[in-house]
Amino acid sequence: MTTVQDFSGYTPTWCPGCGDWGIGVAIKGAFVKLGLDPSSLCVVFDIGCSGNMNDFLNAYAMHALHGRSLATALGVKIANPQLPVVIVGGDGGIYGEGGNHFLHACRGNHDVTVIVHDNSVYGLTTGQVAPTADKGMKSKSTPFGIIETPVNPLVLAVTQGATFVAQTFAGDVNHMIEMIKRGIEHKGFSLINILQPCVTFNKINTYQYYLPRVYKLGLEYKPEDQREAIGKAMESTVEKFPLGVLYKVERPSFTDQLPQLSGKTLVEKTYDLAFEAFEEEFI
Amino acid sequence: MKFLWKIGGEAGFGIMTTGLSFAKIATQSGYHIFDYAEYPSLIRGGHNTYDVLVSDEEVWTSQIAIDMLVCLNKDTYTLHKSRLKESSIVVYDPEMFEITDNVQKISVPLKSMIKEAKAFQIMVNTITLGASAGLLGADEEVLYGMIETQFAKKGEKVVEYNRDFAKKGYDYILEHYQAMVTPILKKRSQIETKLVMTGNEAFSYGAIVAQCRFFSGYPMTPTSNVLTQLAGWQEKSGMVVRHSEDEIAVINTALGASFAGARSAVATSGGGFALMVEAISYAGVAEIPIVIFLGQRPGPATGMPTWTEQGDLLFACHAGHGEFPKIVLAPGDVNEMIEMTAEAFDLADIYQTPVIVISDKFVCESHKSVPKMNVDLFSKSYQPNRGKLIHEVPPEKYLRYKISDDGISPRLIPGIKGSFYQANSYDHIEDSHTTEDGELRKLQVEKRGRKWDTYLKTHYKLPTIYGDITTATHVFIAYGPNKGSIKEAQKLLKEKGIETAFIHFTHVYPLDRQKVRDIFAMTKDKKCILVENNSQGQFGKLLAMEAGIEIEEKILKYDGRPIYPEEIVASIK
């Protein structure tokens, strides 16, 4: 059995009180609960305060380019579908710079788990607005308030082909552990959107802001219903934030549909090809 | 013997398939070919042409002078008549236009033959294929065999239908122009099996030979065919081919697969390559092997998508922010493309860094015949060299970026029990954790930098010299895809009594300064001429930068068309 300590690398450099501390603990907790060890999975980090977890978490990892963590992770999964692949990034990297990759990864139902630190700001560059920021939010890059309306990642995921969409809150470690664990266990594309207060640069979406506005989905909620899920995901427009699994359906994952991967992984495979078979068409 | 056959007509009328069929009729009759197609960036309408140069010897390029022009419309004649001579044969339909020039006219009533048979207009290309085969003395069986292979997938009915139309053309010639038949395609007694391959197909085949296991792409002329070719082969190759959402995803996904331990590659052209550049830099610092195939076309921006140019060499050599080692290879023909593609995968694995294989539309999309035996000899003897890839955790503490004399550190396949590390895009220390420590950073910069030296000492290949540099008065200097036209120009110049040599670079970046200077020391008192398909002489600039060699005289062409041997000959005074 592994322990949280086995996954603990350098001491984190996050601000005191940052939601990332809780997320960091929850990720390690979920890995332990799943019986994983640092050699048995691959974590692909985006760039930002969230991505800085690369040095705080022990695992085979890529600290990819900003916005490209998801695109990079798909390659790891295709080459070695036996390796659990987890992506850790922020709302800027996953929904902004990497928005295109996010849409298409949902479509492909790639069997990876995306953990998004959703704090509505770019923390590491000192507090400019992120794509999830509410309309009108003032920041250094939008001194008169942001003109765009926020992206709704949950609706995007539910409608674009993701098969597991959950939301959780950085103030509730146990709930995060449960959501991350279920997301990794799910066969297919899983999104865990984590509402994460940035205590330094976001003075609006604080713990105090979220606490009265988040609520847990009850046992009666049926996550198979896409319309229900869209309805729940839209509640952010009235400042209500459902926590739990909003949407979960079964559909073959991308790699499950590739006959080339039915036996060994691309990494293990040995080839003894008859080149004549590739030459015929050129004669 | 050299004979240039050219067909032209409206886009969408099957010019491409007819051209390739003609080329294969020639190779199956025992000849060598090189072909070249021109087409605008649209699907219907516009003017398409397809040239096939037939020879009894191996050929590497096309030529200006047309020996036979097959006109499926009037444009074909008016646009290309300047390339005709008195002896040129012109196949045309007098119902479409009349010819008053002094050429060998072969009138075939294409329109009325179509009308009579109540056939689709597109069948004219099959009639003219038959007529061409007839006029050039091809064996009837070779012609029909070709039709059969071409349409086999569409069923016996379609095969028969096309065979009938090819026969109409063939018979028409024998009946009306028996006296004009020349034995250009007469079946030879000894026929060596040849492969008719484009540069794109050669890259794809090379990737198969090299056991590339993951390929991602996004369609872009002139390398879209690499994506479709490899995608079509997945069942028998076992490779996974992914058509990604954009070129940024293309290369990052390939880097993920490569990190996981699978040989990976991508293909693109200038615009797509531009989108990949940040990830090339990531591959450099995180030391992830990747093979990038770059088929150049005229830029800037969208440029002239379906034409040819060599405007991206300096961009390729310098692609990526920051300083990191990179290798650029430039094959000159189909044979070199197969072998250097496999070499690129080895170099990427050995040096754990990006390797770019650079070409242009002219080589990417032109077919060249190559003896099958030569290809087989290579593919059957090739063994991948994966460098310092390890499958077991070493007994001492494993350090992904361990400082080493050759600059290369052992690369452990992720997922192996007992260790972990990261492919870190940040500056990092030996164990792969991030650092901002100046001294430790320097150690890694120097470690990566030593890969340049190791490459130059171990795997760098000097240019090939064609001709005798000691007796030559003129020396051509060029890289990669210009090989064919220069070699042909050398022959033509020799016939005129001018002795030339040609220094052909395939390993274009980095260059070994001293060794290259030693070669150029032999060119003192010779007239050195740089030949390039661009306006700035980019390879010349690279030579100046890397080896301090300046070449004053240049033959540059940048109208989107390839450099023809005749043009090189004409510029030699």
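Residues numbered from 1 in each chain as written. Chains lettered and ligands numbered in written order. Predicted model: local features only at pLDDT ≥ 70, side-chain atom pairs only at ≥ 80, totals over all residues. Heavy atoms only, no water.

1. Digging into the overall build of chain A
Here comes step 1: Helices and strands together make up the secondary structure of chain A, namely 10 helices and 10 strands.
Here comes step 2: Dimensions of chain A, computed from the C-alpha atoms along their principal axes, are close to 70 × 40 × 40 Å.
Here comes step 3: A sequence separation of at least 24 residues applies to 70% of the contacts in chain A between residues at least 6 apart.
Here comes step 4: Seen as two clouds, the 22 positive and the 28 negative side-chain charges of chain A have centres 8 Å apart. (Helix = DSSP H or I, 4+ residues; strand = E, 2+ residues; numbered from the N terminus. Contact = heavy atoms within 4.5 Å. Lys, Arg positive; Asp, Glu negative; His and termini not counted. Charge placed at Lys NZ, Arg CZ, Asp CG, Glu CD.)

2. What about the domain arrangement of chain B?
Here comes step 1: Here chain B is described as being made up of domain 1 (2-191), domain 2 (197-381), domain 3 (389-458) and domain 4 (464-570).
Here comes step 2: Once you take the C-alpha centre of each, domain 3 of chain B and domain 4 of chain B turn out to be 39 Å apart. (Domains from an automatic or database assignment.)

3. Thoughts on the pairing of strand E10 (residues 264-268) of chain B
Residues and elements named next belong to chain B.
Here comes step 1: Counting buried positions over the 5 residues of E10 gives 5, a clear majority of the element.
Here comes step 2: Pairing of E10 with strand E11 (residues 290-296), which is carried by 4 bridges, proceeds in the parallel orientation. Within E11, the position partnered with Ala 267 by the bridge is Phe 293.
Here comes step 3: Read as a crossover between parallel neighbours, the route from E10 over helix H11 (residues 270-286) to E11 is right-handed. (Buried < 20%, exposed > 50% of the residue type's maximum accessible area, 1.4 Å probe, protein only. Pairing = 2+ DSSP bridges. Right-handed = clockwise from strand over helix to strand, strands pointing away.)

4. Some remarks on the side chain of His32(B)
Here comes step 1: Along the chain, His32(B) falls in strand E2 (residues 32-38).
Here comes step 2: Here Ser369(B) takes part through its side chain, which lies 2.7 Å from a polar atom of the side chain of His32(B). (Polar contact = N/O pair within 3.5 Å; in protein donor to acceptor, adjacent residues only side chain to side chain.)

5. With respect to the side chain of Asn533(B)
All names here are of chain B.
Here comes step 1: Along the chain, Asn 533 falls in the loop between strand E22 (527-532) and helix H19 (538-547).
Here comes step 2: Within the structure, the side chain of Asn 533 is placed 3.1 Å from the backbone oxygen of Lys 557, a separation counted as a polar contact.
Here comes step 3: Look past the residues within four positions of Asn 533 in its chain and what remains in contact with it is Thr 308, Glu 309, Gln 310, Asn 482, Lys 557, Arg 561, Pro 562 and Ile 563.

6. Let's talk about the interface of chain A and chain B
Here comes step 1: The interface of chain A with chain B comprises 52 residues on the first partner and 63 residues on the second.
Here comes step 2: Contact between chain A and chain B buries roughly 5000 Å² in total, counting both sides, with carbon and sulfur atoms accounting for 59%.
Here comes step 3: Taken together, the connections running from chain A to chain B amount to 4 salt bridges.
Here comes step 4: Going through the elements one at a time, strand E2 (60-63), helix H3 (69-79), helix H5 (99-108) and helix H10 (276-279) of chain A are the ones with two or more residues in the side of chain A that touches chain B.
Here comes step 5: At 7 residues, the largest contribution of residues to the side of chain A that touches chain B is made by H3(A).
Here comes step 6: Taken together, the residues that form the side of chain A that touches chain B break down as 29 nonpolar, 15 polar and 8 charged.
Here comes step 7: Across 3 bridges, the pairing between E2(A) and strand E17 (residues 422-424) of chain B is parallel. By the bridge assignment, Met62(A) is partnered in E17(B) with Ala423(B). (Buried area = accessible area lost by both parts, 1.4 Å probe. Salt bridge = Lys/Arg side-chain N within 4 Å of Asp/Glu carboxyl O. Nonpolar A, V, L, I, M, F, W, Y, C, P; charged D, E, K, R; others polar.)

7. Regarding the sheet that holds strand E20 (residues 500-505) of chain B
All names here are of chain B.
Here comes step 1: Judged by pairing direction, the sheet is mixed, and its 5 strands sit side by side in the order E18-E20-E19-E22-E23 without closing on themselves. Each edge of the open sheet carries a strand with a single partner, namely strand E18 (464-466) and strand E23 (553-556). Averaged over all pairs of adjacent strands, the angle between strand axes in this sheet comes to 25 degrees, irrespective of strand direction.
Here comes step 2: In the packing of H19 onto the sheet, the strands contacted are strand E19 (474-479), E20 and E22, and the crossing angle to E22 comes to about 125 degrees. (Axes fitted to C-alpha atoms, helices over the stretch in contact; angles between N-to-C directions.)

8. A short note on the pairing of strand E3 (residues 85-90) of chain A
For a regular strand, side-chain orientation follows a simple rule: the groups alternate between the two sheet faces.
Residues and elements named next belong to chain A.
Here comes step 1: The buried count for E3 comes to 6 of 6 residues, which makes it a mostly enclosed element.
Here comes step 2: The alternating pattern of E3 places Val 85, Ile 87 and Gly 89 and Val 86, Val 88 and Gly 90 on opposite faces, both of which are buried.
Here comes step 3: Examined bridge by bridge, strand E1 (residues 42-45) and E3 share 4 bridges and lie parallel to one another. Looking across to E3, one finds that Val 44 is bridged to Ile 87.
Here comes step 4: Alignment of E3 against strand E4 (residues 113-118), held across 5 bridges, turns out to be parallel. The residue of E4 that forms the bridge with Ile 87 is Val 114.

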